[in-house]
Amino acid sequence: MSNKPSIPKGTRDFGPQEVVKRNYIFDLIRKAFTRFGFQPIETPSFENSETLMGKYGEEGDRLIFKILNSGDFLRKVTDEELNSRNAASLTPKISEKALRYDLTVPFARFVVQHRNDIDFPFKRYQIQPVWRADRPQKGRFREFYQCDADVVGSQSLWQEVEFVQLYDAVFTNLRLRNTTIKLNNRKILSGIAEVIGAEDKLIDFTVALDKLDKIGEEKVKEEMLAKGISEDAISKVQPLFNVTGTASEKIKTLKSLLSTSEIGMKGIEELEFIVKSIDKLKLKSAKLEIDVTLARGLNYYTGAIFEVGAPPEVKMGSIGGGGRYDDLTGIFGLKDMSGVGISFGLDRIYLVMDELGLFPETVLETTKAMFVNFGEKEAMYAIRSMSALREEGIAVDLYPDSAKMGKQMGYADKRGIPYVILAGESEVKSKTYTLKNMKTGEQKTLDIDQLVSELK
RNA sequence: GUGGUUGUAGCUCAGUUGGUUAGAGCACUAGAUUGUGGUUCUAGGGGUCGCGGGUUCGAAUCCCGUCUUCCACCCCA
C-alpha cells in the first residue's frame, strides 16, 4: 500500500453526483450573468509572474503558486544567488510563470491588452478555477472556482445597484434564502481615517475594525492601539462601534461623524444612492445591510465594497464579494478606467447548499430510464427504441449485459434511475414497453408514443 | 507562515497498562429467487494498522521525523 494514490492537499476529486450538483449552480449563475448583459471571457490558468506578483500585497505573493521554469532552470543562477537562500530574489530567476490567484487581475490585464477591440463600457463574466497556496480549512481550498462579473469603463452607480440585484437574483434562483449583502464604501473608511488623523494607518485600522463582530469592541481597540493608533483617535470614532438601527439611521450617524471629511461625505452619498435605489426596487430573498466594519478584500477597492454572508444557520465565511476599483488597469498602464465587479465563491455556495439540502432531487436524475437487457434480439429492439427516445431529448440507457434481472434492477436502483423499461419477448412481439416506476413500483404497458410522453 | 488535531478493510469506526492468527457495521461478490430492485437469511473475498526510522524478546499501541485530514490564527471565496 506504499503506492497509495493521492492528490495534493486542498484539492478534491468530484464524483458524478458532485459534478451534477456543481453544474446546477454553475448553470444558474451563468444564466443570471447572461440575463444581466454580461459577456463571457476566459484567460489562461497561468500568467507571467510579473502580471500577478505585487498585486495582492505581501501575503498574496506568498500564496501565489509559482511554476518552475522548464529545462535546466538552475543554469543561469549564480552560486552566490543560490547560497544566499533568499527565496524572494531567487524565485524570479527560476520561475517566470504562476497560476492565477483570482480572476480580477487577469481581467485587468485582458482589458489593457485588448483595449482596442473592446467596446466600453465592457461587461464581462468569467467562471474559472483559481489557485492559492493556502492552508486548507473549512470552505477553504487550494483550488477553487470563482464566478466573476465586472464592468469597466463606467462610473455610474447604477452598476452597483444592478450588482446588488444580480446577487439577489442568483441566490433567489438557487433557493438560497436569507443571504446578507453587506455594503460599505472605501471612501467612508478613508474619511474615518482622515477624521482621526491616521490616514497612513488606514489598512491597519480597517483590518482591526473588520473583526468587530468576531472579537468584540475591546479587542478591536486593543489591536488598534497595538498598531499605533492613538487612544484619542479611537475615542473620536467611538460612535462607529455602535452604528445600529435602520439604514437611514446609520447614514445619519455616519454623516455627523464624518461631516468634516469631504471624501467621507462622498462615500456616504454613494452609499445612500445605492441603498435608496434598492429600497425602491426591492429584493426578492437577500437582505441589503450597511456594514461600516466591512473592510476585507483587496486593497484596490476605492468605492463600494460588497460582501455576501451565508444564511446565519450555516457557519461559513463569505460566499461572495466585490467592489469598485477606480484604477485597476492603471497598474498595467491604462489610466482612468473605473471598474466594479462581484464574485461568487462556487465551492462555498456548494457547501452551504449541501448543508441546507437545497439541491432539487431531480438534479441527480441524470438518466431518466434504463432498459433491461433480455438478450440479443431484445437488446436490438431496445437500442432502436432508445434512438427514438434520445431524439426526443430523453436520457436513456441499456444495461450492457443480459445479466440476471435482479442484478439489472439493483443497478438501476443504485444509480437513482427513476424508470426501468422492460422489453422482453412478448413486448417485442406486440411492439410495446413495460414501464416500471422505481419509486412506486407501478408498471404499465405502453406503445412508443405513450412512452415518449410519459418520460418527457 | 503560527498553534492544535487526525490517520486501522471501499466507507464509518472498535481494538484493554505493549503480548498468540487485528475486529464490527455498512458496502462488495455469490446463493436462497430461470421476467422484477430497495427488506430478510446464508456463505465468501478484502487490511504489511498513512509512510520512514527508533525503543523492545515482542509495537496498531511508546518515541522521533514526514505526509495527510480537520480546526483556529494570519489572510481570504
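Residues numbered from 1 in each chain as written. Chains lettered and ligands numbered in written order. Predicted model: local features only at pLDDT ≥ 70, side-chain atom pairs only at ≥ 80, totals over all residues. Heavy atoms only, no water.

A. Representation of the pairing of strand E14 (residues 419-422) in the model. Neither face of E14 is open: one carries Tyr419 and Ile421, the other Val420 and Leu422, and all of them are buried. Two elements, E14 and strand E15 (residues 433-437), share four bridges in a ladder whose sense is antiparallel. By the bridge assignment, isoleucine 421 is partnered in E15 with leucine 435. (Buried < 20%, exposed > 50% of the residue type's maximum accessible area, 1.4 Å probe, protein only. Helix = DSSP H or I, 4+ residues; strand = E, 2+ residues; numbered from the N terminus. Pairing = 2+ DSSP bridges.)

B. Representation of the nonpolar core. Counting residues in hydrophobic clusters, the biggest one holds 102 residues, and the most contacted among them are Ile25, Phe33, Leu166, Leu174, Leu240, Phe306 and Phe344. With eight residues, helix H7 (residues 158-173) is the largest single contributor of residues to this core. Beyond its immediate stretch of four places on either side in the chain, phenylalanine 33 contacts Phe38, Tyr125, Ile127, Cys147, Asp148, Ala149, Leu166 and Phe344. (Core = buried A, V, L, I, M, F, W, Y, C linked by side-chain atoms within 4.5 Å. Contact = heavy atoms within 4.5 Å.)

C. Expanded view of the sheet that holds strand E8 (residues 287-290). Strand order across the open sheet formed by eight strands is E1-E5-E6-E11-E10-E9-E7-E8, with mixed pairing between neighbours. One side of each edge strand has no neighbouring strand; the edge strands of this open sheet are strand E1 (39-40) and E8. Strand direction decides the pairing type here: strand E7 (residues 180-185) and strand E9 (residues 304-309), joined by six bridges, are antiparallel. Paired with isoleucine 181 across the two strands is valine 308, which belongs to E9. Packed on one face of the sheet, helix H6 (residues 104-113) meets strand E5 (122-131), strand E6 (143-152) and strand E10 (318-325) and runs near 135 degrees to E5. Along the sheet face, helix H14 (residues 346-356) touches E6, E10 and strand E11 (339-345) and points at about 40 degrees away from the line of E11. (Axes fitted to C-alpha atoms, helices over the stretch in contact; angles between N-to-C directions.)

D. View of the environment of proline 418. Tracing the chain through its elements places proline 418 in the loop between helix H16 (405-414) and E14. If we ignore the near neighbours within four places in the chain, the residues touching proline 418 are Glu365, Thr367, Lys368, Lys436, Asn437, Met438 and Lys439.

E. Just H16, in detail. The set of residues buried in H16 consists of Gln408, Met409 and Ala412. Projected down its long axis, H16 shows its buried positions confined to an angular sector of 95 degrees, all on one face. Across H16 from its buried face, at more than 90 degrees, point the exposed residues Gly406, Lys407, Asp413 and Lys414. Contact partners of the buried residues in H16: strand E12 (369-371), E14 and E15. Among the residues trailing H16, glycine 416 stands out with phi positive, at a value near 70 degrees. (Arc of directions from axis to C-beta.)

F. Quick peek at the sheet that holds strand E4 (residues 97-99). Strand order in the open sheet formed by three strands is E2-E4-E3, with antiparallel pairing between adjacent strands. The sheet is open, and its two borders are formed by strand E2 (46-48) and strand E3 (66-67), each paired with just one other strand. Relative to E4, E2 runs antiparallel, the two sharing three bridges. In the sheet register, glutamate 47 faces E4, and the bridge partner there is alanine 98.

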